[in-house]
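# Architecture at a glance
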Amino acid sequence: MAKSFTPELQKILIKAGCYLERQGKGDHQIWYSPITNKRFVVDQKILSRHTANAVLKQAGLPKYF
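Residues numbered from 1 in each chain as written. Predicted model: local features only at pLDDT ≥ 70, side-chain atom pairs only at ≥ 80, totals over all residues. Heavy atoms only, no water.

## Here we look at the sheet that holds strand β2 (residues 28-33)
Short version of the rule: For two strands to be treated as a pair, DSSP must find no fewer than two bridges joining them. For helices the rule is a DSSP run of H or I covering at least 4 residues; for strands it is a run of E covering at least 2, with both sets numbered from the N terminus onward. Angles shown run from 0 to 180 degrees and are taken between the N-to-C directions of axes, each axis being a line fitted to C-alpha atoms and, for helices, limited to the stretch in contact. Throughout, a residue-residue contact means that at least one pair of heavy atoms, one from each residue, lies within 4.5 Å.
Spatially, β1-β2-β3 is the arrangement adopted by the 3 strands of the open sheet, whose pairing is antiparallel. A strand with exactly one partner marks an edge of an open sheet, and here the two such strands are β1 (19-23) and β3 (38-43). The mean inter-strand angle of the sheet, taken between neighbouring strand axes irrespective of direction, is 35°. With 4 bridges joining them, β1 and β2 adopt antiparallel strand pairing. By the bridge assignment for β2, Arg-22 is matched with Ile-30. Contacts between helix α1 (residues 6-15) and the sheet are confined to β2 and β3, with β3 contributing the most and set at about 160° to the helix.

Structure representation (structure tokens):
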């Protein structure tokens, strides 16, 4: 089974000052980025590095994966 990028992604987001705002539908979470002043969705099982990098972009952070 493929490794999820979500745990490491969440650590990066928290270190950058982003925070979990609320639980979304299903296994999704709504996060907030003070960098972009926007909310974005984080799935609990991100299996693609491209998706993980897209979440970082929404948060206003550079690619990591």
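## Looking at the nonpolar core
Worth spelling out the cut-off: Within this scheme, the nonpolar core is defined by two criteria: the residues are buried Ala, Val, Leu, Ile, Met, Phe, Trp, Tyr or Cys, and they are joined through side-chain atoms within 4.5 Å. Partly exposed residues are those whose accessible area sits between 20% and 50% of the maximum for their type, while under 20% is buried and over 50% is exposed, using a 1.4 Å probe and protein chains only.
In terms of nonpolar packing, the biggest core is built from 14 residues, with Leu-9, Leu-13, Phe-40, Val-42, Ile-46 and Val-55 touching the most fellow members. Looking at this core, the elements that each hand over two or more residues are α1, β3 and α2 (49-58). With 3 residues, α2 is the largest single contributor of residues to this core. With sequence-adjacent residues up to four places away left out, Ile-46 is seen in contact with Lys-3, Ser-4, Phe-5, Thr-6, Leu-9, Thr-51, Ala-52 and Val-55.

Keep in mind these values describe shape, not function.
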